[in-house]
Amino acid sequence: GYVVFGEDYIPDAAFMSYARQPIASDAAYNPIAPDLAIEVLSPGNAGSNDERDKMLRKIGNYLAAGTVLWLVDPEQETIDVYIPNQPRKTLRIGDFLEGGDVLPGFRLAVASVFSE
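Residues numbered from 1 in each chain as written. Predicted model: local features only at pLDDT ≥ 70, side-chain atom pairs only at ≥ 80, totals over all residues. Heavy atoms only, no water.

1. Comments concerning the overall build of the protein
Alright, step 1. For the protein, the helix and strand inventory stands at 2 helices and 9 strands.
Alright, step 2. The N-to-C order of helical and strand elements in the protein reads β-β-β-β-α-β-β-β-β-β-α.
Alright, step 3. For 116 residues, the compact-globule estimate of 2.2 N^0.38 gives 13 Å, and the C-alpha radius of gyration of the protein, at 14 Å, lies within 12% of that figure.
Alright, step 4. Once the C-alpha set of the protein is aligned to its principal axes, its extents read approximately 40 × 35 × 30 Å.
Alright, step 5. If you take every contact in the protein between residues at least 6 apart in sequence, the share linking residues at least 24 apart comes to 46%.
Alright, step 6. As presented, the protein carries roughly 7,100 Å² of accessible surface, and 51% of it is formed by carbon and sulfur atoms.
Alright, step 7. Averaging the positions of the 9 positive and the 17 negative side-chain charges in the protein gives two centres separated by 5 Å. (Helix = DSSP H or I, 4+ residues; strand = E, 2+ residues; numbered from the N terminus. Rg over C-alpha atoms; globule rule 2.2 N^0.38 Å. Contact = heavy atoms within 4.5 Å. Areas by Shrake-Rupley, 256 points an atom, 1.4 Å probe, with all protein chains shown as cover. Lys, Arg positive; Asp, Glu negative; His and termini not counted. Charge placed at Lys NZ, Arg CZ, Asp CG, Glu CD.)

As structure tokens, this is what we get:
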């Protein structure tokens with residue numbers, strides 16, 4: 001897990017560059033927020049007010065910590081890309097998810113994320 005803006009999070013996946021942390025942390029919760037976090041909404045549970053409020057808080061904390069967030073919604077088949085100081089971008093089937101400054105050269109068809 002990671003400490004992200006003062007809270008402990010365990011994203012579904014995360015990336016930390018060697019440049020930011022050349023020696024891996026042995027703490028249960030890394031004190032340095034990741035470069036990239038991937039959160040996947042739980043099917044059937046994503047629409048509840050409680051879950052929405054928790055996710056809004058997480059989004060704000062990730063952005064405040066300088067973390068790029070890819071928020072995957074399996075029910076809507078969308079990926080919301082949150083980059084600090086930029087507007088949210090929603091990707092759908094037919095679009096490509098790109099790594100930007102965090103993962104240069106990374107490119108993945110959104111359709112491949114949701115294929116059976």
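2. Details of the pattern of salt bridges
Alright, step 1. Enumeration over the complete set of coordinates arrives at 4 salt bridges.
Alright, step 2. For E7, the salt bridge identified is with R57, shortest N-O distance 2.4 Å. Placement of the pair is E7 in strand β2 (residues 7-9) and R57 in helix α1 (residues 49-64), with a sequence separation of 50 residues.
Alright, step 3. Here R57 falls in the exposed class, since its relative accessible area comes to 52%.
Alright, step 4. Ionic pairing is found between D35 and R20, a salt bridge with its closest N-O pair at 2.6 Å. Here D35 is found in the loop between β3 (13-15) and β4 (36-40), whereas its partner R20 is found in the loop between β3 and β4, with 15 residues between them in sequence.
Alright, step 5. Looking at R20, the relative accessible area reads 37%, which means it is partly exposed. (Salt bridge = Lys/Arg side-chain N within 4 Å of Asp/Glu carboxyl O. Buried < 20%, exposed > 50% of the residue type's maximum accessible area, 1.4 Å probe, protein only.)

3. Description of the nonpolar core
Side chains of a nonpolar character, in soluble globular proteins, are inclined to be buried together.
Alright, step 1. Within the largest apolar cluster, 13 residues are counted, with the highest numbers of intra-cluster contacts made by V4, M55, I59, Y62, L69, L71 and Y82.
Alright, step 2. At the level of secondary structure, the elements contributing two or more residues to this core comprise β1 (2-4), α1 and β5 (68-73).
Alright, step 3. The contacts of M55, once residues within four sequence positions are left out, are E39, L41 and L71.
Alright, step 4. W70, V81, L91 and V110 belong to the second largest nonpolar core, which has 10 residues in total. (Core = buried A, V, L, I, M, F, W, Y, C linked by side-chain atoms within 4.5 Å.)

4. Details of α1
Alright, step 1. In this model, α1 (16 residues) spans 22 Å end to end at C-alpha, consistent with the 22 Å of a helix rising 1.5 Å per residue.
Alright, step 2. In this structure, the buried residues of α1 make contact with β1, β2, β4, β5 and β6 (78-82).
Alright, step 3. Directly beyond the C-terminal end of α1, a positive phi value near 85 degrees is found at G66. (Expected span 1.5 Å × (residues − 1).)

5. Examining the packing of aromatic side chains
Alright, step 1. If you walk through the whole model with that rule in mind, you get 2 aromatic pairs.
Alright, step 2. With centroids separated by 5.7 Å and ring planes inclined at 25 degrees, the aromatic side chains of W70 and F106 adopt a geometry described as stacked. A residue pair is termed long-range when its members are at least 10 positions apart, and W70 in strand β5 and F106 in the loop between β8 (96-98) and β9 (107-109) qualify at 36 residues.
Alright, step 3. What makes W70 buried here is its relative accessible area of 6%. (Phe/Tyr/Trp six-rings, centres within 6.5 Å; stacked < 30°, edge-to-face > 60°.)

In short, shape yes, function no, at least from these values alone.
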